[in-house]
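Listed below, chain by chain, are the residues.
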Amino acid sequence: MKLMFNRPSILFFCAAALLMFDAAFWPAGAQTGKPSSTVPLLDRELFFGDPEISGAQISPDGKFIAFVKPYKGTRNIWVKKTDEPFDAAKPVTNDQRRPVTNYFWSRDGRYILFSQDKGGDENYNVYAVNPSITGAEVPPARNLTDAQGVRAFIYAVPKSDPDAIYVGLNDRDSSWHDLYKVKISTGQRTLIRQNTGQVSGWLFDQKDQLRLATHTAENGDTEILRVTPEGLVKIYSCNVFESCAPLRFHKDSKRVYLVTSKGADDLMRLALLDPETGKEDLVETDPMKRVDFGSASFSELTDDLLSTSYEDERTRVYWTDSSYEADSRLIRSKLPNRDISFDSSTADEKLWLITISSDTEPGERYLFDRAAKRLILQYRVFDKLPREQLATTKAISYPSSDGLQIPAFLTLPKGSDGKNLPMVVFPHGGPWARDSWGYNPYAQFLSNRGYAVLQPNFRSSTGYGKNFLNAGNKQWGEKMQDDLTWGVKAMITQGIADPKRVGIMGGSYGGYAVLAGAAFTPDVYAAGVSIVGPSNLITLLASIPPYWEAGRIIFNERMGDPSRSEGRAQLERQSPLNSANKIKSPLLVVQGANDPRVKKAESDQIVTALRDRGFAVEYIVAPDEGHGFARPVNNMAMMAAAEKFLAKHLGGRFQEGATPEVAQRLKEITVDVKTVEKPKTILAASVTAPKPAAGLTPGKLNYQARIEAGGQTVQVSVVTEIKEENGVWIANETAKLPQGESSDTTTIEKGTLLVIKRSIRQGPVTVDVSFRKNKANGTMVINGQSQPIFSDTGGALFADGAGAYTAVGALPLADGYATTFRNFDLQGQRPSLKQLQVVGSEKVTVPAGTFDAFKVEITSAQGEPGKTTVWIAKDSRRVVKIYAVAPQAVITSELVK
């Protein structure tokens, strides 16, 4: 079917969407803001505008080619017959809100499937469209996963059933994905495996049998588990400072290809693992012993391993199939000094769409007929971009502060003598990712404006062995930042960079590095552009998306553990926000309002800190974007602002003028920093439990609840009982769900109403935990597997567990009353802070009657999504209604009697 280039699954943070911002339209005939050089100033649109055609994929039968090009101003999927010209194609999707780029053909070629989120929130749904439907301008697209606030993940596309996909959905539990089989033609969903074992990934064999799962243990180990009818059995593991991941089953369906760095070897290797015996056999490691194993390509027709590759200064490919190796040599003879990527093929693998690229070639797509040995050019990405005006990129290295060699890529302006240039340091995101040789629109754009561009693969970058990766553990803003600083020193020493005209620009971790560079090395950089960059590592870790729960231990080990005093002190020291008073270079801060990874508060707080100093800071916020800009008009507006900002402070060239649409959009998303509200920051250590005005009232209350999640509505009966027993309050809540009964029993101290212990019973899950001396200590059992609970709570807990809102009713509620208290997240095993405010009084009618009630809103004090509104009767202080909005569900509960 397809030649698949797979990459080992290394857990990374903020890497996928960091610097892949999409584009918009700018006019030709631009004016330069600085005297021109011998190289013409190229229009922004040539770098960041919509490509005329991109992302082509051939259908399994070879009769059609799908591709992406703008439709009514937004990139969508089009389809044409293979032998037709591209201008004969028809659009098959019509999303005018965000570009559609991630798609593939179903195995039988009947459907095109694609994923899309809303406004950059990264809650992806999977859609299917039948391109053969006629009668409408664009065929209708069906949402196969159809759930709000849920992130779908495609695990497999089975050969045995071309009308199906295996999908993970976190609609039941936002932290973990249950496994479903979804019928493409109807959307019918069948539960295959409920994820009660905190599984982070599933793997099928070549016969489409579910065989393996991956899991992160409590100590941070990555565990590979064999799936059996009785449960999950561990067959392989590596520690938190190593990497291991199953890649694909061997054609014998007995062994699995494994990418691992377990053991004494520094570099990642490819191995074959027998899941039954645990025996591991080496397949290959880097023949030059320089870099990690990179990727493997397989034939979907024969399941044979075809080649392996390694990302070094250039990508090195080692073929294991002689016929494909001969084809590769033939292509290279016709198109020398280019990288070749076999991207998409017919089911019989006789026709291929291949891409040819280099540092000065964004990509040429060819149709390759293997039998006829014929190459036919289909299109060039960014066809109007003059390749002859682009600059070459070369691999370099330099020593850091402790002598560690830092690999990097350097792009110098074409036509320059390479001396005394303004320079932009462009660190990648992740940070557990890397830069590679090839076409980079940012490096080319900036070099065309006259800048030298340095892209360091600082310590913590992947691909250079686990020792290099682990050298960055807990080194955000310190040794990792040194690797950038010493790169600047090296470029100055070599006479390449003008020390007074060095800037820094980057996204996500790269955005953090911009803020850290400005705060911790204020004399190095003359200006910085931070794109979705975190400013406070404590609040960053507190607000990570729930579906990253498997990586929380890894974050704590690689970044620092905020629940421990030494870890919190380290993270506070490394947070640029806490050194904002040292910043003296101008900053441009860019943010997507819907970013689920780096919340808007991260940018708000650094902007307000600088503003309150009377410091010059510019701020751009797009209300319809997330972690990086996807809408072309937003992206072009951002780049226009960044280009002019850098020219002002570093002296490079810039392009003036914009279309009215982009100029207007820039005006709309440019924020007057005077209007930015300073985020409310609450120090966890300062939070003490609120003092109740009364005790609890014994009795039993009945509620009728409605849960809306995943497009379904479930009715639930809930009984809350409060009783006094042995000098403490016992609160018990019992819920009758369609899948059975669950209960939560909480022991509450009299007088203070502080939580002493909790006991939860819900299907295969039991939890018993006590809270004493600011420690949570207990056990969680899932499907018979016991997991310890031991964590700092940071203080006493209030209004947590059963009877929580009854305890809220015992507070001295009044209009305007507000307080903050501490809960404990059992799944994440971490404390969480809640803000409570009485926002007014309302008459509320429920089945039990009409009540004059306080309206109480409870939200996260740490910027996490969700809000709970509680109506509490003024006379009896009974909870009469609850309305809770969470990322994965909406819950309404009303008092019946």
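In the block above lies the structure referred to throughout.
Quick caveat, the model's predicted, so the values are computed rather than measured. (Residues numbered from 1 in each chain as written. Predicted model: local features only at pLDDT ≥ 70, side-chain atom pairs only at ≥ 80, totals over all residues. Heavy atoms only, no water.)

### Remarks on the overall build of the chain
Within the chain, the regular secondary structure consists of 13 helices and 53 strands. In summary, the chain has a C-alpha radius of gyration of 29 Å against a globular reference of 29 Å for 897 residues, a match within 12%. Dimensions of the chain, computed from the C-alpha atoms along their principal axes, are close to 85 × 65 × 60 Å. Across the 897 residues that make up the chain, the buried fraction comes to 58%. Of all intrachain contacts in the chain linking residues separated by at least 6 positions in sequence, the fraction that spans at least 24 positions is 55%. For the chain, the exposed surface amounts to about 35,700 Å²; the carbon and sulfur share of it is 50%. The centroid of the 107 positive side-chain charges in the chain is displaced by 2 Å from the centroid of its 102 negative side-chain charges. (Helix = DSSP H or I, 4+ residues; strand = E, 2+ residues; numbered from the N terminus. Rg over C-alpha atoms; globule rule 2.2 N^0.38 Å. Buried < 20%, exposed > 50% of the residue type's maximum accessible area, 1.4 Å probe, protein only. Contact = heavy atoms within 4.5 Å. Areas by Shrake-Rupley, 256 points an atom, 1.4 Å probe, with all protein chains shown as cover. Lys, Arg positive; Asp, Glu negative; His and termini not counted. Charge placed at Lys NZ, Arg CZ, Asp CG, Glu CD.)

### Details of the state of the cysteines
Applying the stated rule across the entire model yields 1 disulfide. A disulfide bridge connects Cys238 with Cys244, and the sulfur atoms are separated by 2.2 Å. What sets the handedness of the Cys238 and Cys244 disulfide is the S-S torsion sign, and at about -90 degrees it is left-handed. Taken as a pair, Cys238 and Cys244 share a single burial class, namely buried. (Disulfide = S-S within 2.5 Å.)

### Observations regarding the environment of Pro275
Along the polypeptide, Pro275 turns up in the loop between strand E21 (269-273) and strand E22 (280-284). C-alpha separation for the pair Pro275 and Leu225, spaced 50 residues apart in sequence, amounts to 8.5 Å. Leave out the neighbours within four places in its chain, and Pro275 touches Arg211, Leu212, Arg226, Ile235, Phe249, Lys254, Arg255 and Val256.

### Quick look at the packing of aromatic side chains
Applying the stated criterion across every chain yields a total of 27 aromatic pairs. Both rings, one in Phe86 and one in Tyr379, keep their centres 5.6 Å apart while their planes meet at 85 degrees; by these two values the pair is edge-to-face. With a gap of 293 residues between them, Phe86 in the loop between strand E5 (74-81) and strand E6 (90-91) and Tyr379 in strand E29 (residues 374-380) connect regions that are remote in the sequence. Here the two residues Phe86 and Tyr379 agree in accessibility, since each one is buried. The interplanar angle of 85 degrees and the centroid separation of 6.0 Å between the aromatic rings of Tyr324 and Trp352 together place this pair among those described as edge-to-face. (Phe/Tyr/Trp six-rings, centres within 6.5 Å; stacked < 30°, edge-to-face > 60°.)

### Thoughts on the sheet that holds strand E8 (residues 112-116)
Taken together, the 4 strands give an open sheet; going across it, the order is E7-E8-E9-E10, and neighbouring strands pair in antiparallel fashion. Edge positions in the open sheet fall to strand E7 (103-105) and strand E10 (141-143), since each of these has one partner strand only. Geometrically, the sheet is characterised by an average inter-axis angle of 25 degrees between neighbouring strands, direction not taken into account. In terms of strand pairing, E7 meets E8 through 3 bridges, oriented antiparallel. From the neighbouring strand, Tyr103 faces E8, where its bridge partner is Phe114. (Pairing = 2+ DSSP bridges. Axes fitted to C-alpha atoms, helices over the stretch in contact; angles between N-to-C directions.)

### Comments concerning helix H10 (residues 600-612)
Note: α-helices contain 3.6 residues per turn, so residues at a spacing of three or four share the same orientation. The end-to-end C-alpha distance of H10 is 18 Å, a good match for the 18 Å that 13 residues give at a rise of 1.5 Å each. Taken together, the buried positions of H10 are occupied by Glu602, Ser603, Asp604, Gln605, Ile606, Val607, Thr608 and Leu610. Those residues of H10 that are buried are in contact with helix H6 (509-520), helix H7 (537-542), strand E36 (587-592) and strand E37 (617-622). Positive phi shows up at Gly614, right after H10, with a value of about 75 degrees. (Expected span 1.5 Å × (residues − 1).)

### Topic: the sheet that holds strand E20 (residues 256-260)
Read across the open sheet, the 4 strands follow the order E19-E20-E21-E22; overall the sheet is antiparallel. In the strand order of this sheet, the two ends are held by strand E19 (244-249) and E22, each with one partner. This sheet shows a mean twist of 35 degrees between the axes of neighbouring strands, independent of strand direction. Here 5 bridges tie E20 to E21, and the two strands are oriented antiparallel to one another. Bridge pairing in E21 places Val259 opposite Leu270.

### Considerations on the nonpolar core
The biggest cluster of nonpolar side chains holds 71 residues, and the ones touching the most others in it are Met423, Trp476, Met491 and Ile606. One finds Val424, Phe445, Val453 and Ile669 within the second-largest nonpolar core, a separate group that totals 54 residues. (Core = buried A, V, L, I, M, F, W, Y, C linked by side-chain atoms within 4.5 Å.)

### Concerning the pairing of strand E16 (residues 210-216)
With 7 of its 7 residues buried, E16 lies for the most part within the structure. Note: strand E15 (residues 199-204) against E16, 5 bridges, orientation antiparallel. In the sheet register, Val199 faces E16, and the bridge partner there is His215. Between E15 and E16, which pair antiparallel one after the other, the connecting turn spans 5 residues, and Asp208 there sits at a positive phi close to 65 degrees. In this sheet, strand E17 (residues 222-228) lies alongside E16 in antiparallel orientation, the contact comprising 5 bridges. Residue pairing for E17: Ala213 is matched across the bridge by Leu225. Taken together, E16 and the strand that follows it, E17, pair antiparallel across an intervening segment of 5 residues, in which Gly220 is found at a positive phi of about 95 degrees.

These results come straight from atomic positions and should not be treated as a statement about function.
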